[in-house]
Amino acid sequence: MDDIPRRAGRRTAMLASVPLGMAGRAVGGWARRMAGGTAEEINAELAARAAEQIFEVLGQLKGGAMKLGQALSVFEAAVPDELAAPYREALTKLQAEAPPMPADAVHAVLTEQLGASWRKRFAEFDDTPAAAASIGQVHRAIWHDGREVAVKVQYPGAKEALLADLRQLRRFSRIVQPLMPAVAVKPLVAELTDRMIEELDYRAEADHQRAFAAGFRDDPHVFVPRVLASAPKVLVMEWVIGTPLAKVIASGDQRTRDRFAWLFADFHYSSADRVERLHVDPHPGNYLLLGDGRLGVLDFGAVGRMPGGVPWTLGRILRLAVDGRPGELLDLLREENFVQPGIDVRAEDVLRYLAPLVTPIQEETFHFTRDWLRAQAERMGDIRRPEFTISRSINLPPQHLMLLRATGSSAAILCQLEAEVAMRGIFQERLNGFRE
């Protein structure tokens, strides 16, 4: 594969093959049931084959399609257990794997971005990619001064592929909707498309990473690798060795899960104040547990600027919900345009809707579980429940959407870890407006 499939028609056809393939397998499964196969066996096989097709198509397309797959893989904790198992493995692959581009294509990008003598900047360069992401892949190398480095190289055609995906992803959001029956996929896709273009320029990513590295320099809990060189399509940084978050999720003991979860949550809620920026792409491929116990943070392509840190009003909204003060809560929600003018809603109903979501910060510690996340998704997605009506009365102001999405993704990771975390203490220390 020399580059990402670029032509809109070809990409559309590949995306369309997923629901068509699912439909074909469903018909085949019906025929097999008529022939005597058990529903459980056939459904399990169909789910596994559909999951593998999603991985194969999104992985080949890369660009925006694969970015969607990465984002959705974070939310697999909300998928019912009987459906989640095959998708969990296939979607998690998207967080760290994709079909690689050949060495000659990598060399062409390096020559274009770093000059014809780019090899002189490295003592060694491994042509086999160590990892792959949505719009680029990572190679291991030795810098000219002997330091081990990671070299992130953007796929040829990434921009064209991304623009094609932005036109098509809205149409094909139904591909993944069955995986997340209680989550509104279309708004997630719309928000993602607004952020993807920003990730194409690795110089902007380098700027974000330098800011985080400076803000967390000598921090006892967090390590951000230093940037050594950058160009629009190439980024060179320190190599980091550690245990991937995905491995901890899959097989870590409870003590390791709890430690990783606390480090992750504290980083997420402290960075806005320390760096005035927020890491808005929290998926397992971006985090490592280092040998010295610190959290290693990678990939700063998706970062939002937050001058002044987390808005005071958001912390205050959480405080009022935790304290059970419905009148003041609704007033502040109206001021911040979470409830738009003319929307008639009872303060007590809004509090009842929000109360389960703030359970993790009501007590000193909270045990995040897949069951808890799934219950919240079902509670808000069931049209028979009053919470469904309330959810349709709550607006998401554009100025807060990035933070709320990142926070939701972070909570999903904590649920994947099945970790017990002292969230109240983190909020008490890190969030303006929440402190008592």
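Just so it is clear, the model here is predicted, and its values are computed rather than measured. For every chain, the first residue of the written sequence is number 1, and numbering continues from 1 onward in sequence order. For this predicted model, a pLDDT threshold of at least 70 governs which residues receive local features, and a threshold of 80 or more governs which side-chain atom pairs are given and counted, while totals over whole chains, interfaces and linings are taken from all residues. Side-chain measures here rest on the full set of heavy atoms in the structure, leaving out hydrogens and waters.

**Considering the packing of aromatic side chains**
When two rings of Phe, Tyr or Trp (its six-membered ring) have centres within 6.5 Å they constitute a pair, described as stacked for plane angles under 30 degrees, edge-to-face for angles over 60, and tilted for the intermediate range. In total, this model carries 14 aromatic pairs according to the counting rule given. Each ring, one from Tyr 269 and one from Phe 427, has its centre 4.6 Å from the other, and the planes form 50°; the classification is tilted. Taken as a pair, Tyr 269 in helix α10 (residues 254–275) and Phe 427 in helix α17 (residues 423–430) lie far apart in primary sequence, 158 residues in all. Burial status follows relative accessibility: with a 1.4 Å probe on protein chains alone, a residue under 20% of its type maximum counts as buried, one over 50% as exposed, and anything between as partly exposed. Overall, the relative accessible area of 11% leaves Tyr 269 in the buried class. Note on Phe 427: relative accessible area 6%, which makes it buried. Centroid distance Phe 366 to Trp 372: 5.4 Å. Interplanar angle 70°. Geometry classified as edge-to-face. For the pair shown, Phe 366 and Trp 372 are each scored as buried. Helix numbers and strand numbers start at the N terminus; a helix is a DSSP run of H or I with at least 4 residues, a strand a run of E with at least 2.

**Some words on unusual backbone geometry**
The phi angle at Asp 218 is positive, at roughly 65°, despite the residue not being glycine. Under the relative-accessibility criterion, Asp 218 is labelled exposed at 73%.

**Overview of the pairing of strand β3 (residues 148–154)**
Among the 7 residues in β3, 6 count as buried, and that is most of the element. In terms of strand pairing, strand β2 (residues 136–143) meets β3 through 7 bridges, oriented antiparallel. Its bridge partner being in β3, His 139 is matched across the sheet by Val 151. Any two strands between which DSSP finds at least two bridges are classified as paired. Where β2 hands over to β3, the hairpin turn is made up of 4 residues, of which Gly 146 adopts a positive phi near 95°. Pairing of β3 with strand β6 (residues 234–238), which is carried by 5 bridges, proceeds in the antiparallel orientation. In the strand pairing of β6, Val 151 is matched with Val 236.

**What about the pattern of salt bridges?**
It is possible for side chains of opposite charge to pair when their charged atoms get near one another. Salt bridge, as applied in this entry: a Lys or Arg side-chain nitrogen positioned within 4 Å of an Asp or Glu carboxyl oxygen. As enumerated under the stated definition, the model contains 19 salt bridges in all. Between Asp 145 and Arg 147 there is a salt bridge whose closest N-O contact spans 2.8 Å. Judged by its relative accessible area of 42%, Asp 145 is partly exposed. A relative accessible area of 30% means that Arg 147 is categorised as partly exposed. Among the charged side chains, a network of salt bridges with common partners joins Arg 319, Asp 323, Arg 325 and Glu 328.

**Remarks on the packing of helix α8 (residues 202–215) against α10**
α10 packs onto α8 with a crossing angle of 95° between their chain directions and a minimal axis gap of 10 Å. Classed by the angle they form, the pair α8 and α10 counts as roughly perpendicular. When α8 is examined against α10, the residues Ala 211, Phe 212 and Gly 215 are found in contact with a partner set consisting of Phe 267, Ser 271, Arg 274 and Val 275. A class-by-class count of the residues in the contact of α8 with α10 yields 4 nonpolar, 2 polar and 1 charged. Working convention: axes come from line fits to C-alpha atoms, limited for helices to the stretch in contact. Angles between N-to-C directions cover 0 to 180 degrees. We call two directions roughly parallel when the angle between them is under 35 degrees, roughly antiparallel when it is over 145, roughly perpendicular when it lies between 65 and 115, and oblique otherwise. By definition, residues are in contact when any of their heavy atoms lie within 4.5 Å. Polar here means any residue other than Ala, Val, Leu, Ile, Met, Phe, Trp, Tyr, Cys and Pro, which are nonpolar, and Asp, Glu, Lys and Arg, which are charged; Gly is therefore polar.

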